[in-house]
2 protein chains.
Amino acid sequence: MSDLLERLRGRGWRMTPQRRVVAEVLAGEHVHLTADEVLARAAARLPEIARATVYNTLGELVALGEVAEVAIDGRAKRYDPNAHRPHQHLVCSGCAAVRDVRPDGDPLADLPAAERFGFTVLEVEVTYRGLCADCA
Amino acid sequence: MSDLLERLRGRGWRMTPQRRVVAEVLAGEHVHLTADEVLARAAARLPEIARATVYNTLGELVALGEVAEVAIDGRAKRYDPNAHRPHQHLVCSGCAAVRDVRPDGDPLADLPAAERFGFTVLEVEVTYRGLCADCA
DNA sequence: ATATTGACTTGGACCAAGTCCATTGTAGGA
DNA sequence: TCCTACAATGGACTTGGTCCAAGTCAATAT
Ligand SMILES: [Mn+2]
Ligand SMILES: [Mn+2]
Ligand SMILES: [Zn+2]
Ligand SMILES: [Zn+2]
């Protein structure tokens, strides 16, 4: 049983069959599903689940900080259960496979003050692109 | 007159009033317009220009490498005439202002081999987020 | 065990961003 | 000036997502 479900229950999250299957579908490493993929997998287990419910539930999981919303390609957003330790993404330009990666160093430090235009810079998002072993 | 237009003419790009105004609208530093913003500004000069023409023209400019397509926020794509020297973006979370920035160092070098999962990594895209002087 | 009720789910309408296509127009060469 | 390959048009269509009124139900209280 996923400890995501445990944590959610511990936080007093109201449990329903729909919410359970959505949370269950979002388990594992390197998981970056679109909302429609989540819907398809959830519907395999609970056929009458509605699209709006999947969006509502994903939105709440994001608000709770349990799932990260990732815009990888300007198309559908992806939902990433690995929200507890921040990380970056490595994306295959061939097959769109996504891996979680942890670069060395602090990318914030690479932006010199002269290039900050008076901004208070708070976070950095890095996307590495290339070809996976299969697509190369 | 923009040297973008000169370059396009030199490349044998067929010139039309529509293409001219789209290219003219895309001039300047730190310009990151959405397709609809390009349409609005082009239509101020050439009222009957069609949405599809703006999309067609932007698509061609991107294919020619004269304009870069940037997905900054998972909303509408932005079109960036500063395509000749690669750069990264600094985005205000308050007002969505976008500045071009050039971080120090090579971000590719920060991704250790052990974190490459057999990929041939070709490019890196970095987005810095924070608050601009006005929004802070 | 049952009643209660506020929160959750549903399906469909709606929306924004973008693509597609048949028709009409025209830039630029002969 | 004529021709024609390429470009522009506008409207339908698609994708990804939001919103809402009505119905349902999980959790609590009795
Ligand atoms: Mn991830
Ligand atoms: Mn830029
Ligand atoms: Zn691949
Ligand atoms: Zn701002």
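Residues numbered from 1 in each chain as written. Chains lettered and ligands numbered in written order. Predicted model: local features only at pLDDT ≥ 70, side-chain atom pairs only at ≥ 80, totals over all residues. Heavy atoms only, no water.

The name recorded for chain A in an unreviewed UniProt entry is Transcriptional repressor, from Streptomyces palmae. Quoted verbatim from the Sequence similarities (unreviewed entry) field of the UniProt record, the comment on chain A reads "Belongs to the Fur family." (UniProt positions renumbered as here; feature names shortened; annotations may be inferred.)

Colleague: Would you mind going over the protein's contact with DNA strand C with me for this structure?
Modeller: Of all residues adjacent to DNA strand C, which total 19 residues, the nearest are A:Thr16, A:Ala50, A:Thr53, B:Arg14 and B:Arg51. Measuring from a sugar or linking oxygen of DNA strand C, one finds a side-chain N or O atom of A:Gln18 at 3.0 Å. Between a phosphate oxygen of DNA strand C and a side-chain N or O atom of B:Tyr55, the distance comes to 3.0 Å. Those elements that provide at least two residues to the surface near DNA strand C are helix H2 (17–25) and helix H4 (51–63) of chain A together with helix H4 (51–63) of chain B. Tallied by class, residues from the surface near DNA strand C come to 8 nonpolar, 4 polar and 7 charged. (Near = heavy atom within 4 Å. Polar contact = N/O pair within 3.5 Å; in protein donor to acceptor, adjacent residues only side chain to side chain. Helix = DSSP H or I, 4+ residues; strand = E, 2+ residues; numbered from the N terminus. Nonpolar A, V, L, I, M, F, W, Y, C, P; charged D, E, K, R; others polar.)

Colleague: Before we go on, may I ask you to explain the protein's contact with DNA strand D in this structure?
Modeller: Around DNA strand D, the structure places 19 residues, and the nearest of them are A:Arg51, B:Thr16, B:Gln18, B:Ala50 and B:Thr53. Here the atoms of DNA strand D within 4 Å of the protein split so that 74% fall in sugar or phosphate, with bases taking the remainder. A:Arg75 places a polar side-chain atom, nitrogen or oxygen, 3.5 Å from a phosphate oxygen of DNA strand D. Elements with a minimum of two residues in the surface near DNA strand D: H4 of chain A together with helix H2 (17–25) and H4 of chain B. Residues belonging to the surface near DNA strand D are distributed by class as follows: 8 nonpolar, 4 polar and 7 charged.

Colleague: Even after reading the chapter, I still don't get the side chain of A:Thr57, so can you show me in this structure?
Modeller: Note on placement: A:Thr57 falls in helix H4. Setting aside its immediate chain neighbours within four residues, A:Thr57 contacts A:Trp13, A:Arg19 and A:Val22. (Contact = heavy atoms within 4.5 Å.)

Colleague: Explain the environment of B:Asp36 to me, please; I cannot follow it from the model alone.
Modeller: Residues and elements named next belong to chain B. Mapped onto the secondary structure, Asp36 falls in helix H3 (residues 35–45). Owing to a relative accessible area of 45%, Asp36 belongs among the partly exposed residues under this scheme. For the pair Asp36 and Lys77, spaced 41 residues apart in sequence, the C-alpha separation works out to 9.8 Å. (Buried < 20%, exposed > 50% of the residue type's maximum accessible area, 1.4 Å probe, protein only.)

Colleague: Just to check I follow, could you spell out the relation of the copies chain B and chain A for this structure?
Modeller: Both copies of the chain are related by a screw-like operation: a rotation about an axis and a shift along it. With an RMSD of 0.1 Å, the operation that places chain B on chain A is a rotation of 179 degrees combined with a shift of 0.0 Å along the axis. In the structure described here, the two chain copies are related by an operation that fits a two-fold rotation axis. Rotation axis and chain B: the residue whose C-alpha lies nearest the axis is B:Val126, separated from it by 2.3 Å. Both copies share a contact surface, since 100% of the interface residues of chain B are interface residues in chain A too. (Least-squares fit on C-alpha atoms with pLDDT ≥ 70 in both.)

Colleague: Honestly, the sheet that holds strand S3 (residues 78–80) of chain A in this entry has me stumped. Any pointers?
Modeller: Across a sheet, strands are paired by hydrogen bonds formed along the backbone, either parallel or antiparallel in direction. Overall, antiparallel pairing links the 3 strands, which are arranged S1-S3-S2 (chain A) in an open sheet. With one partner strand each, in any of the chains shown, strand S1 (33–34) and strand S2 (68–70) of chain A form the two edges of the open sheet. (Pairing = 2+ DSSP bridges.)

Colleague: I'm lost on the pattern of salt bridges in this one. Help?
Modeller: Side chains that differ in sign of charge can pair as their charged atoms come close. Residue and element names in this part refer to chain A. All told, the structure shown has 18 salt bridges over all chains when counted by the stated rule. The salt bridge partner of Glu60 is Arg19, with a shortest N-O separation of 2.8 Å. Placement of Glu60 in helix H4 and of Arg19 in helix H2 is noted, with a sequence separation of 41 residues between them. On the basis of relative accessibility, which here comes to 28%, the residue Glu60 falls in the partly exposed class. (Salt bridge = Lys/Arg side-chain N within 4 Å of Asp/Glu carboxyl O.)

Colleague: Please clarify how the coordination of the zinc ion (ligand 3) should be interpreted in this entry.
Modeller: Around a metal, the idealised angle for a tetrahedral arrangement of four donor atoms is 109.5 degrees; for an octahedral arrangement of six donor atoms it is 90 or 180 degrees. All names here are of chain A. Within the first shell, the zinc ion (ligand 3) binds the protein through Cys92 (SG), Cys95 (SG), Cys132 (SG) and Cys135 (SG), at distances of 2.2 to 2.4 Å. If you look at the zinc ion (ligand 3), its 4 donor atoms make angles of 102 to 114 degrees with each other, and the shape they trace is tetrahedral. Each donor residue of the zinc ion (ligand 3) belongs to the same chain, and together they define the spacing C-x2-C-x36-C-x2-C. The exposure class of Cys92 is buried, given its relative accessible area of 3%. (Donors = N, O, S within 2.8 Å, 3.2 Å for Na, K, Ca; no water. Tetrahedral: all angles 85-135°; square planar, octahedral: opposite > 155°, others 65-115°.)

Colleague: It is not clear to me how the coordination of the manganese ion (ligand 1) should be interpreted in this structure. Could you clarify?
Modeller: Residues and elements named next belong to chain A. Coordination sphere of the manganese ion (ligand 1), protein contribution only: His32 (NE2), Asp80 (OD), His87 (NE2), His89 (NE2) and Asp100 (OD), at 1.9 to 2.3 Å. Each donor residue of the manganese ion (ligand 1) belongs to the same chain, and together they define the spacing H-x47-D-x6-H-x1-H-x10-D. Here His32, found in the loop between H2 and S1, pairs with Asp80, found in strand S3; they are 48 residues apart in sequence, far enough to count as distant. We classify Asp80 as buried; its relative accessible area is 1%.

Colleague: Quick question: what am I supposed to make of the packing of aromatic side chains here?
Modeller: Throughout the structure, instances matching the rule amount to 0 aromatic pairs over all chains. Its guanidinium or amino end placed over the ring of B:Trp13, B:Arg19 lies 4.5 Å from that ring's centre, counting from NZ or CZ. In this structure, B:Arg99 packs its charged tip against the face of A:Phe117, placed 4.5 Å from the ring centre. (Phe/Tyr/Trp six-rings, centres within 6.5 Å; stacked < 30°, edge-to-face > 60°. Lys NZ or Arg CZ within 6 Å of the ring centre and 35° of its normal.)

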